[in-house]
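The lines below spell out each chain.
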Amino acid sequence: MIEKKPLSSNMKLDYYECYAKVVLENKLNYKLILDDKPDLRSKDNTIGIEVTNATDEKNEETFVLGTLLQSNKVRNRNKVLKKIKRNGGLVEEYFISGRTVHDNIEKIIKCLKNKLKKL
């Protein structure tokens, strides 16, 4: 039986890189290897893909806290609920929502520039 619990925060592999690998392999019908610099590459090194994440940090934190809350992995429930509320999130009996955000091209460009510096 598969145990339903949140992903560990100290995973060896990056969730977004793994997700990108699955999606791209599915769409491109091409096998990719998880690596570093670039994050994904083809076996013959003709394709290299650097993965970046430009999501809203407060929403990310809200959903992580909400997942921990729902799986009873928090010490102080009230403190976590207050933090979620400060982030603009909402916890109901059956769902967690983050604050409404729109794609921010400046944030995306900033993330891309940071990636380029690392390369």
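Everything below is about the structure shown above.
Residues numbered from 1 in each chain as written. Predicted model: local features only at pLDDT ≥ 70, side-chain atom pairs only at ≥ 80, totals over all residues. Heavy atoms only, no water.

Caption draft 1: Region of interest: a positive patch on the surface. Positive charge collects at one region of the surface, where K58, R75, K79, K82 and R86 lie side by side. With three residues, the single largest contributor to the positive patch is helix α3 (residues 77-86). Tracing the backbone shows R75 in the loop between α2 (57-70) and α3. In this structure R75 comes out as exposed when scored by relative accessible area, which is 89%. (Patch = residues over 30% accessible without salt bridge, like charges linked within 9 Å, V, L, I, M, F, W, Y side chains within 5 Å. Areas by Shrake-Rupley, 256 points an atom, 1.4 Å probe, with all protein chains shown as cover. Salt bridge = Lys/Arg side-chain N within 4 Å of Asp/Glu carboxyl O. Lys, Arg positive; Asp, Glu negative; His and termini not counted. Charge placed at Lys NZ, Arg CZ, Asp CG, Glu CD. Helix = DSSP H or I, 4+ residues; strand = E, 2+ residues; numbered from the N terminus. Buried < 20%, exposed > 50% of the residue type's maximum accessible area, 1.4 Å probe, protein only.)

Caption draft 2: Quick look at a nonpolar patch on the surface. Among the surface-exposed residues, I105, I108, I109 and L112 lie close enough to one another that they form a single nonpolar patch of about 330 Å² accessible area. You can call I109 partly exposed: its relative accessible area is 40%.

Caption draft 3: Here's a closer look at helix α1 (residues 15-28). Taking 1.5 Å of rise per residue, 14 residues should cover 20 Å, and α1 covers 20 Å from first to last C-alpha, within 8% of that figure. Looking only at α1, the buried set comprises E17, A20, K21 and E25. Buried residues of α1, viewed axially, fall in a sector of 125°; they line one side. α1 presents Y19, V22, N26 and K27 as exposed residues on the side facing more than 90 degrees away from its buried surface. The secondary structure elements touched by the buried residues of α1 are β1 (32-34) and β2 (40-42). A distance of 2.9 Å separates the backbone nitrogen of Y16 from a side-chain oxygen at the start of α1, and that oxygen is part of D14. Looking one or two residues past α1, N29 carries a phi angle of roughly 55°, positive in sign. (Expected span 1.5 Å × (residues − 1). Arc of directions from axis to C-beta. Contact = heavy atoms within 4.5 Å. Polar contact = N/O pair within 3.5 Å; in protein donor to acceptor, adjacent residues only side chain to side chain.)

Caption draft 4: The arrangement of the sheet that holds β1 in detail. Judged by pairing direction, the sheet is antiparallel, and its three strands sit side by side in the order β1-β2-β3 without closing on themselves. If you trace the sheet from one side to the other, it starts and ends with β1 and β3 (48-49), each paired once. Relative to β3, β2 runs antiparallel, the two sharing two bridges. Among the inter-strand pairings, R41 is bridged to a residue of β3, identified as G48. Its contacts with the sheet put α1 on β1, β2 and β3, and the angle it makes with β1 is roughly 175°. (Pairing = 2+ DSSP bridges. Axes fitted to C-alpha atoms, helices over the stretch in contact; angles between N-to-C directions.)

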